[in-house]
Amino acid sequence: METTLTHTGNPWIDCGIIGLHDLWKDKSKIQPEGDVNVHWRNDQVVLEAANPEELNHFLESTFEEIKSTFYIERTRNTVCILDRKKRQFKVVPKINLVSVVGFLFSGGDLKVKYGAKEPLETGLMKKYEEFRRLYKGRRNIDFKVKKDEKNKKEYVYASEPRYNWPFKIGKEGVCSFCGRRAPCVDIDSNNYPFAVGTNNFQNFFSNLSLSPKMCLFCELASLVAINRIIFNLTERRRRLFLAIPQAYSLGELYDFWHLITSNIVLKPLNQDSNLLSGGYRYRRLSESVLATCLELYLQLERIKEDAKRIAEADKLKDKVSSKSWHFFMVSKTGQVLSFDSYTYLTDLHRIFKLFASLGNPHTFKEMFQHLAIQHGREWRNELRDQFAQRILRSAGLNNVAERIMWGKSREGSYVAGLADFIEHYNIWRG
Ligand SMILES: [Zn+2]
């Protein structure tokens, strides 16, 4: 049997399909169980399996592999569990979701679970107490014992901690993303981060019906999408910036990500950002958008240092700037995500042209980083954000630049290169 993953028009799911394809093709990253042949054909990802059971097993195993390889990190805290076979106690690390994954998929079901328990019978209890004595004084070990009040027994955990992610085969239905009739599940915050209020972002949700459902393929793509977008976590991981490229076909998106990942080193998911460097506290939408565009531009420009690759670098810039980009700023209170602001850019080439017109875009980067204004121990970003917003809209900068200069002079400093840039920008804007 053959199944195809096709362009859905939802940028998050489409990025996820590319992410899935790339992970399946790179045997050094994951090795899911199940005999399924994956290949690329006419703008589609094709999956060939002997039967639906084999395919479903392959999908579930894929997610299990991705989860344990990229989404979970070991903490410095440990827990004592029973090794069932050896009837011995041992200490294993506790686990967490890596920050960006934990931020996006935050539903109540997603907790660390310890699986099966074993009753502490007399012999085992002796061993347990001995073991505990051995590790006395080591504060980072959790000796978890569960008491059952009814039968007055004590139980100890007998498996390593894990996340039981509710990725399961659902009931037959019609998928709101790809339209196929297949086993579907309800959309919730464990499988689709945008499952919250949909009114503000019609663009992103326009293909969702009233009671949205998601097939197994789209669900898996949604869980993998984080591997094919740009992100930046700030404010002690309470705010997340997302940059999601959109293309009119999977082929175009496939080319784009292949060129990106072969030329730009994106940092792994356990970092706070896969592109931006920390320390500059880009916590508002427009300043994050401009910083991301600039970083992409500078990294692509670096390719040109190799004289043979100038044409390649230009082609790549064209690929990056011809995408539609969706940018989101998301904040988190408790378990609830709110998508606070959103913008959409289809003319990145215009911003790239501005960067190209600057004698040295690195000087601009340095200047832009220093536009935040210090108030005591706090850094204020409002003006830097307005500054970026005006550049993104090709609007005048004089007013906001004056306010920044004034703010800086109050803190007894100034921004090198700001006046020069404004002059250049005004001429460039015409
Ligand atoms: Zn689907």
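Residues numbered from 1 in each chain as written. Predicted model: local features only at pLDDT ≥ 70, side-chain atom pairs only at ≥ 80, totals over all residues.

## As for the overall build of the chain
- Each helix and strand counted, the chain has 14 helices and 20 strands in total.
- C-alpha atoms of the chain, sized along the principal axes, occupy 85 × 60 × 45 Å.
- Scored against the burial criterion, the 430 residues of the chain give a buried share of 33%.
- In the chain, once contacts between residues fewer than 6 apart in sequence are set aside, the share between residues at least 24 apart is 69%. (Helix = DSSP H or I, 4+ residues; strand = E, 2+ residues; numbered from the N terminus. Buried ≥ 20, exposed ≤ 12 C-beta atoms within 10 Å, placed from the backbone. Contact = placed C-beta atoms within 7 Å.)

## Describing the environment of Leu-290
- Structurally, Leu-290 is set in helix α8 (residues 285-303).
- C-alpha separation for the pair Leu-290 and Leu-348, spaced 58 residues apart in sequence, amounts to 9.9 Å.
- Contacts of Leu-290, omitting those with residues within four sequence positions, involve Ala-388, Ile-391 and Leu-392.

## Thoughts on the nonpolar core
- In terms of nonpolar packing, the biggest core is built from 98 residues, with Met-214, Cys-215, Cys-218, Leu-220, Ala-221, Ile-229 and Leu-242 touching the most fellow members.
- Examining the composition of this core, we find that nine residues originate from one element, α8, more than from any other.
- Not counting chain neighbours up to four residues away, the residues in contact with Met-214 comprise Cys-175, Ser-176, Phe-177, Cys-184, Val-185, Ile-187, Asn-191, Tyr-192, Glu-219 and Ser-222.
- Residues Ile-81, Leu-120, Val-156 and Tyr-157 belong to the second largest nonpolar core, which totals seven residues. (Core = buried A, V, L, I, M, F, W, Y, C linked by C-beta atoms within 7 Å.)

## Quick word on the sheet that holds strand β7 (residues 117-119)
- Here three strands make up an open sheet; going across it, the order is β7-β10-β9 and the pairing antiparallel. Strand pairing shows two members of the sheet lacking a second neighbour, β7 and β9 (145-148), which therefore form its edges. Across the sheet, the mean angle from the axis of one strand to that of its neighbour is 35 degrees, orientation sign disregarded.
- Here β9 runs beside strand β10 (residues 153-157); their pairing, made up of four bridges, is antiparallel. Paired with Asp-148 across the strands is Lys-153, a residue of β10. (Pairing = 2+ DSSP bridges. Axes fitted to C-alpha atoms, helices over the stretch in contact; angles between N-to-C directions.)

## Considering the pairing of β10
- Bridge count for β7 against β10 is three bridges, and the pairing is antiparallel. Along β10, the bridge assignment pairs Glu-118 with Val-156.
- Taking the residues that link successive antiparallel strands as the turn, the β9-β10 hairpin has four residues, and the phi of Lys-152 there is positive, at about 55 degrees.

## Quick word on the sheet that holds strand β1 (residues 2-5)
- The strand order β1-β3-β2 describes an open sheet built from three strands, whose pairing is antiparallel. Strands with a single pairing partner mark the edges of an open sheet, and in this sheet they are β1 and β2 (36-41). Averaged over all adjacent pairs, the angle separating strand axes in this sheet is 25 degrees, with direction ignored.
- Sheet topology note: the β1/strand β3 (residues 44-49) ladder contains four bridges and is antiparallel. The residue of β3 that forms the bridge with Thr-4 is Val-46.

## Looking at the packing of helix α9 (residues 310-321) against helix α10 (residues 348-357)
- Across the interface, α9 lies against α10 with an axial gap of 8 Å and an inter-helix angle of 135 degrees. The orientation of α9 with respect to α10, classified from their angle, is oblique. Two packed elements cross with a definite hand, and for α9 against α10 that hand is right-handed. Contacts between α9 and α10 involve Lys-317, Val-320 and Ser-321 from the former and Leu-348, His-349 and Phe-352 from the latter.
- Partitioned by chemical class, the residues of the contact of α9 with α10 number three nonpolar, two polar and one charged. (Parallel < 35°, antiparallel > 145°, perpendicular 65-115°, else oblique. Left-handed = near helix turned anticlockwise from the far one by under 90°. Nonpolar A, V, L, I, M, F, W, Y, C, P; charged D, E, K, R; others polar.)

## Describing helix α6 (residues 216-224)
- Summarising burial for α6: nine of the nine residues are buried, a large majority.
- Packed against the buried residues of α6 are β1, α1 (11-25), α2 (52-71), β13 (181-186) and β14 (213-215).

## Here's the deal with helix α12 (residues 382-392)
- Among the eleven residues of α12, eight are classified as buried, and the element is accordingly described as predominantly covered.
- Residues Leu-383, Arg-384, Asp-385, Gln-386, Phe-387, Ala-388, Ile-391 and Leu-392 constitute the buried set of α12.
- Residues of α12 that are buried in the fold lie against α8, β18 (336-345), α10, β19 (373-375) and α13 (398-410).
- Two residues or fewer past α12, Ser-394 is found with a positive phi of approximately 60 degrees.

## Re the environment of Tyr-192
- Take Tyr-192: it is sitting in the loop between β13 and α5 (202-205).
- When the 26 C-beta atoms within 10 Å are taken as the criterion, Tyr-192 is described as buried.
- The spatial distance from the C-alpha of Tyr-192 to the C-alpha of Cys-218 is 9.6 Å, given a sequence separation of 26 residues.
- When sequence neighbours within four positions are dropped, the list of residues in contact with Tyr-192 reads Ile-187, Met-214 and Ser-222.

## With respect to unusual backbone geometry
- One non-glycine residue, Lys-152, adopts positive backbone phi at about 55 degrees.
- Here Arg-236, not a glycine, exhibits a phi torsion of approximately 50 degrees, which is positive.
- By the element assignment, Arg-236 lies in the loop between β15 (230-234) and β16 (239-246).
- Classification of Arg-236 by C-beta neighbours within 10 Å gives exposed; the count is 7.

## Quick word on the confidence of the model for the chain
- Of all residues in the chain, 96% attain a pLDDT of 70 or more, and the chain-wide mean is 90.
- Confidence drops under a pLDDT of 50 for residues 197-203, and excluding neighbours within four residues, the segment shows seven contacts in the predicted structure. (pLDDT = per-residue confidence, 0-100.)

## Here's the deal with the environment of Asp-142
- Among the secondary structure elements, Asp-142 is positioned in strand β8 (residues 141-142).
- The spatial distance from the C-alpha of Asp-142 to the C-alpha of Phe-327 is 41 Å, given a sequence separation of 185 residues.
- Non-local contacts of Asp-142, meaning those with residues more than four positions away in its chain, are made with Asn-77, Thr-78, Val-79 and Cys-80.

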